[in-house]
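Observations on the three-dimensional arrangement
Here is what each chain is made of, one letter per residue.
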Amino acid sequence: MSEQEQNKVAMVIVAHPDDAEFGAGGTIAAWAREGWDVYYVICTDGAGGGPDNAEDVGPAARRAISETRKREQRAACEVLGVKDAIFLDYPDGQLQPTIELRRGLVRLLRRYRPTRVICQSPDRSWSPTFIIPRFHPDHLAAGQAALAAIYPASQNGWDFPELLEEGLLPHKVGEVYFTGAPVMNYAVDISETFDLKIAALRAHASQLGDRFAELEKMFRTRSAELGAKYGMAYAEEFHRSENQPPGAAAATSTSSPEATQESLAPPRPLAPTRGATTRWREFMIALAFTAIL
Ligand SMILES: [Zn+2]
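What follows covers the coordination of the zinc ion. Summarising the metal site, the zinc ion is bound by the protein donors His16 (ND1), Asp19 (OD), Asp19 (OD) and His139 (NE2), whose distances to it range over 2.1 to 2.8 Å. Its 4 donor atoms give the zinc ion angles of 52 to 124 degrees at the centre, a pattern that matches the irregular case. Summarised as a motif, the one-chain spacing of the donors to the zinc ion is H-x2-D-x119-H. With His16 in the loop between β1 (9–14) and α2 (19–33) and His139 in helix α5 (residues 137–150), the pair connects residues that are 123 residues apart, well separated along the chain. His139 carries the same exposure label as His16, and that label is buried.

Written out as structure tokens, the structure is:
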């Protein structure tokens, strides 16, 4: 752990452009300010992020959306102080936790050697009530693939021996922070970086567009409610787990002065134009619901 502690590198593995900002934007900005090198890995190409009622969903339209969303993601990274965003370009809406995806993630974990990883929950929550738009299948797949890449594959040289031939030695991730998990146990104080989170979310104009004021208001309320729970002005919430053998890990950790949370596993964002889409309405319902949990 001491060697890893010296390695102030964090990796954020998510399905879509904007997922990282929704779930952990304030935390990412806080870590960057503390001198951490943060890298994003976006598993899909984001090409399915158009309006639900779009009539043109052909290859050219998909390509255009993908390019726009990547541009927006890079702008958001700039706001938060993220070093780089790596796009794996799997088709949006079809992500599966395949061995190929796992190998790609292991390659990046071994190359960048992060101490901390933020990823999406691989599990749905049924308590107190299942919220349909809260769990995008791409998010679940990204979480499952990330977790499988972290343990055991990244730290075990017997997994993907071809990576050893690329010169990529095993790497053990130290801690994992799950967004949208059924059980949260850790909070990060984002009081100083909440505005950066909002600014980074604003960069995703194609998704959040003219309803941004409404979204910002809900985020402010939600983050303040979480903050109150932990004695912070604004907070993001995670399930945090240290990568230790059974029995060695500390029981449930409580809030850290630096930690945060945000329990939203953001459902896919909505299209800004062409009126209120189903996706947007579902998203706002989910957001509102999580705010009272
Ligand atoms: Zn998403």
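Once the structure has been displayed, the description carries forward.
This part is about the sheet that holds strand β5 (residues 175–179). Strand order in the open sheet made by the 7 strands is β3-β2-β1-β4-β5-β7-β6, with mixed pairing throughout. Edge positions in the open sheet fall to β3 (84–90) and β6 (186–189), since each of these has one partner strand only. Sheet twist, expressed as the average angle between the axes of neighbouring strands with direction ignored, equals 25 degrees. Across 4 bridges, the pairing between β6 and strand β7 (residues 235–242) is antiparallel. Counterpart to Tyr186 in the pairing with β7 is Phe238. Along the sheet face, α5 touches β1, β2 (37–44), β4 (116–120) and β5 and points at about 150 degrees away from the line of β4.

Applying the stated criterion across every chain, the model contains 0 disulfides. Here Cys43 is not disulfide-linked; the sulfur of Cys119 is the nearest cysteine sulfur, at 9.9 Å. Assessed through its relative accessible area of 0%, Cys43 is described here as buried.

A few words on the packing of aromatic side chains. Each aromatic ring pair is specified by the distance between its two centres and by the angle formed by the two planes. One pass over the structure, following the stated rule, counts 9 aromatic pairs. Between the aromatic rings of Tyr177 and Tyr186, the centroid separation amounts to 5.7 Å while the plane-to-plane angle is 75 degrees, which identifies the pairing as edge-to-face. A relative accessible area of 10% means that Tyr186 is categorised as buried. Judged by centre distance (5.7 Å) and plane angle (90 degrees), the ring pair of Tyr177 and Phe238 falls under edge-to-face. Linking Tyr177 in strand β5 with Phe238 in strand β7, this pair joins segments that are 61 residues apart in sequence. Among the aromatic side chains, those forming a connected cluster through ring pairs are Trp31, Trp36, Tyr177, Tyr186 and Phe238. Stacked on the ring of Trp31, the Lys or Arg Arg116 has its end atom at 4.7 Å from the ring centre. Positioned above the aromatic ring of Tyr186, the side-chain terminus of Arg240 is 5.0 Å from the ring centre.

Moving on, we get to helix α7 (residues 194–202). Inspection of α7 places Phe194, Lys197, Ile198, Ala200 and Leu201 among the buried residues, and these make up the whole buried set. Viewed along the axis of α7, the buried residues span an arc of 160 degrees, placing them on a single side of the element.

Among the 6 residues in β1, 6 count as buried, and that is most of the element. Judged from the 6 bridges that link them, β1 and β2 form a sheet pairing that is parallel. Its bridge partner being in β2, Ala10 is matched across the sheet by Val38. With respect to chirality, the unit in which β1 leads through α2 into the neighbouring parallel β2 is right-handed.

Quick look at the nonpolar core now. Grouped together as the largest cluster of nonpolar side chains are 35 residues, with contacts concentrated most on Val12, Ile28, Val38, Tyr40 and Ile118. Listed by contribution, the elements that provide at least two residues to this core are β1, α2, β2, α3 (59–80), β3, β6, α7 and α9 (212–230). Once residues lying within four places of it in the same chain are set aside, the contact partners of Ile28 are Val12, Ala20, Val38, Tyr40, Leu80, Val82 and Ile118. Grouped together as the second largest cluster of nonpolar side chains are 30 residues, Met11, Ile86, Tyr90 and Leu95 included.

Cut-off values and rules
Starting from 1, residues in each chain are numbered consecutively following that chain's sequence as written. Thresholds applied to this predicted model are a pLDDT of at least 70 for local features of residues and 80 or more for the giving and counting of side-chain atom pairs; totals over whole chains, interfaces and linings are not thresholded and use all residues. Side-chain numbers here rest on the full set of heavy atoms in the structure, without hydrogens or water. The donor set comprises N, O and S atoms within 2.8 Å of the metal, extended to 3.2 Å for Na, K and Ca; water molecules are omitted, so apparent gaps in a site may simply reflect that omission. The rule is simple: four donors are tetrahedral if all their angles sit between 85 and 135 degrees, four are square planar and six octahedral if opposite donors span more than 155 degrees and the others lie between 65 and 115, and anything that fits none of that is irregular. A run of DSSP states H or I qualifies as a helix once it reaches four residues; a run of E qualifies as a strand once it reaches two. Both are numbered from the N-terminal end. Each residue gets one of three labels from its accessible area relative to the maximum for its type: buried under 20%, exposed over 50%, partly exposed in between, using a 1.4 Å probe on protein chains only. DSSP bridges decide pairing: two strands pair if at least two such bridges lie between them. Fitting a line to C-alpha atoms yields each axis, with helices limited to the stretch in contact; the angle taken between N-to-C directions then spans 0 to 180 degrees. Contacts were defined at the residue level, with two residues in contact if any of their heavy atoms lie within 4.5 Å. Any two cysteine sulfur atoms within 2.5 Å of one another count as a disulfide. Note on ring pairs: Phe, Tyr and Trp rings are taken, using the six-membered ring of Trp, and paired if centres are within 6.5 Å. Classes follow the plane angle, with under 30 degrees stacked, over 60 edge-to-face and the rest tilted. Only when the NZ of Lys or the CZ of Arg is both within 6 Å of the ring centre and within 35 degrees of the ring normal is a charge said to sit over the ring. As used here, the arc belongs to the directions running from the helix axis to the C-beta atoms. Orienting the strands away from the viewer, one traces the path from the first strand over the helix to the second; a clockwise path indicates a right-handed crossover. Only buried Ala, Val, Leu, Ile, Met, Phe, Trp, Tyr and Cys residues count toward a nonpolar core, and they belong to the same one when joined by side-chain atoms within 4.5 Å.

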